[in-house]
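# Topology and contacts: notes
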Amino acid sequence: MEERTEFFVGLDVHKDSISVAACEAGRTPARFVGVLGPDVRQLAKLLAQAGDPSHIRVVYEAGPTGFGLYRELCRRGYRCEIVAPSLIPQRAGDRIKNDRRDCCRLAELSRASELKAIWVPDEAHESIRDLCRAREDAVQARLRARQQLKSFMLRHDRRYPGKTSWTKTHERWIADQRFDHAGETLAMAEYLLAVEAAQQRVDRLTTALLQIVQSWCFAPVVAALRSLRGVDSVTAIGLIAEIGDFERFETARDLMGYLGLVPSEHSSGNSVRRGSITKTGNGHARRLLVEAAWNYRFAARMSTTLRNRSAELPAAIRDHAWKAQMRLSSRFAQLSSRGVQINKVCVAVARELAGFVWAIARQAQAAAPLRNGA
């Protein structure tokens, strides 16, 4: 039987302060308690005055401070929830926003059960996600370094005659370039060093990611997702690191909505208006799916690489992956033939790909239950 909650606490958490408000069960307005420092011990001392931790529910918005406060409160026995700021109900006529009002509003909404808590990963899962995001940042830094070098070449009217950049042929072409002035030669050398350093950083993070995942509880799910075309190890790890336990999504549509791949809608009565995708939820996972969807522009086929990746997987997962490739390649060709803009085609295919990712991941989790849950 669920224990009765007698006290609801709303927090507005910042880097240097925590604003606290509380309300009791009933209809009385929440009252502002005060502003504390970032030390969780001060907050725990204040909450101890309210009574038994099992009768207190604490809620605060997700933000840049991470999940340290959540974990510490849970260890002390408090029922803590973190909510997404975009899902907090807002009054249309409310034009005043400050920390005092925010924490009071959170306490009252928690009492009314109007808030939906986000999924919080455990510390091991969060470490994998941090490593994935560090690699993503390194890839972006490499992209900037390469673009700076290409811009330098273009300023000096040096145009690469080939079609594909950053191949061995392209790198040899860059190395063969000569300039008349020492300043230009030194500038190109520095740009080259920056590109090489960025590439080495990406390689280090990729190697570390592949090694640490071998002992991860989601390793069977990573292997299963690699059966999909366009989803190799790094993409599979990134999807699982961002999405977490696929069992928390009852249907594939739930996952599509979580990733913001469903169309927005504003309908009333007989009027039905649908717009662009919502782009809510996890943007990292959404980007990975859209990039993977680009691989379905070719006709369906079982390449040697894909066959080797799927060799040791159960027949049910291999069949589902082939069904996904047949469906998505056909869908890509169908939409392209209708003249749909190519980016919209990729997003539409990514939405359907999310459904196949959900199905295969759940099959893999059912075949190999995760240790210690998610």
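The structure under discussion appears in the preceding block.
The paragraphs below set out a description of the structure included in this document. Because the structure is a prediction, the values reported are computed rather than measured.

Along the backbone of the chain there are 13 helices and 7 strands. The dimensions of the chain, computed from C-alpha atoms along their principal axes, are 75 × 55 × 50 Å. Within the span of the chain, comprising 374 residues, buried residues form 40% of the whole. Looking at the chain alone, contacts between residues at least 24 apart form 64% of all its contacts between residues at least 6 apart. As presented, the chain carries roughly 21300 Å² of accessible surface, and 50% of it is formed by carbon and sulfur atoms.

Turning next to helix 10 (residues 283–293). Given 3.6 residues to a turn, an α-helix orients residues that are three or four positions apart in the same direction. Residues of helix 10 that are buried include every one of Ala285, Arg286, Leu288, Leu289, Ala292 and Ala293, and no others. Within helix 10, the buried residues cover an arc of 160 degrees as seen down the axis, which keeps them to one side. If you follow the buried residues of helix 10, they end up packed against helix 8 (233–243), strand 7 (274–277), helix 12 (315–337) and helix 13 (342–367). Capping the start of helix 10 is the job of one residue whose side-chain oxygen sits 3.0 Å from the backbone nitrogen of His284: Asn282.

Bringing the side chain of Glu136 into the picture now. Here Glu136 shows up in helix 4 (residues 123–155). Residue Glu136 is classed as buried on the basis of its relative accessible area of 18%. Side-chain polar atoms of Glu136 contact the side chain of His284, separated by 3.2 Å. Not counting residues within four places of it along the chain, the set of residues in contact with Glu136 comprises His284 and Arg287.

Time to look at the pairing of strand 2 (residues 18–24). With 6 of 7 residues buried, strand 2 is to be regarded as a mostly interior element. Where strand 1 (residues 7–13) and strand 2 come together, 7 bridges link them in antiparallel fashion. Looking at strand 2, one finds that Phe7 is bridged to Glu24. Between strand 1 and strand 2, which pair antiparallel one after the other, the connecting turn spans 4 residues. Note: strand 2 against strand 3 (residues 31–36), 5 bridges, orientation antiparallel. Considered in strand 3, the bridge of Ala22 is made with Arg31. Counted along the chain from strand 2 to the antiparallel partner strand 3, the turn is 6 residues long, and its residue Gly26 has a positive phi close to 130 degrees.

Reading the values: rules and limits
Residues numbered from 1 in each chain as written. Predicted model: local features only at pLDDT ≥ 70, side-chain atom pairs only at ≥ 80, totals over all residues. Heavy atoms only, no water. Helix = DSSP H or I, 4+ residues; strand = E, 2+ residues; numbered from the N terminus. Buried < 20%, exposed > 50% of the residue type's maximum accessible area, 1.4 Å probe, protein only. Contact = heavy atoms within 4.5 Å. Areas by Shrake-Rupley, 256 points an atom, 1.4 Å probe, with all protein chains shown as cover. Arc of directions from axis to C-beta. Polar contact = N/O pair within 3.5 Å; in protein donor to acceptor, adjacent residues only side chain to side chain. Pairing = 2+ DSSP bridges.

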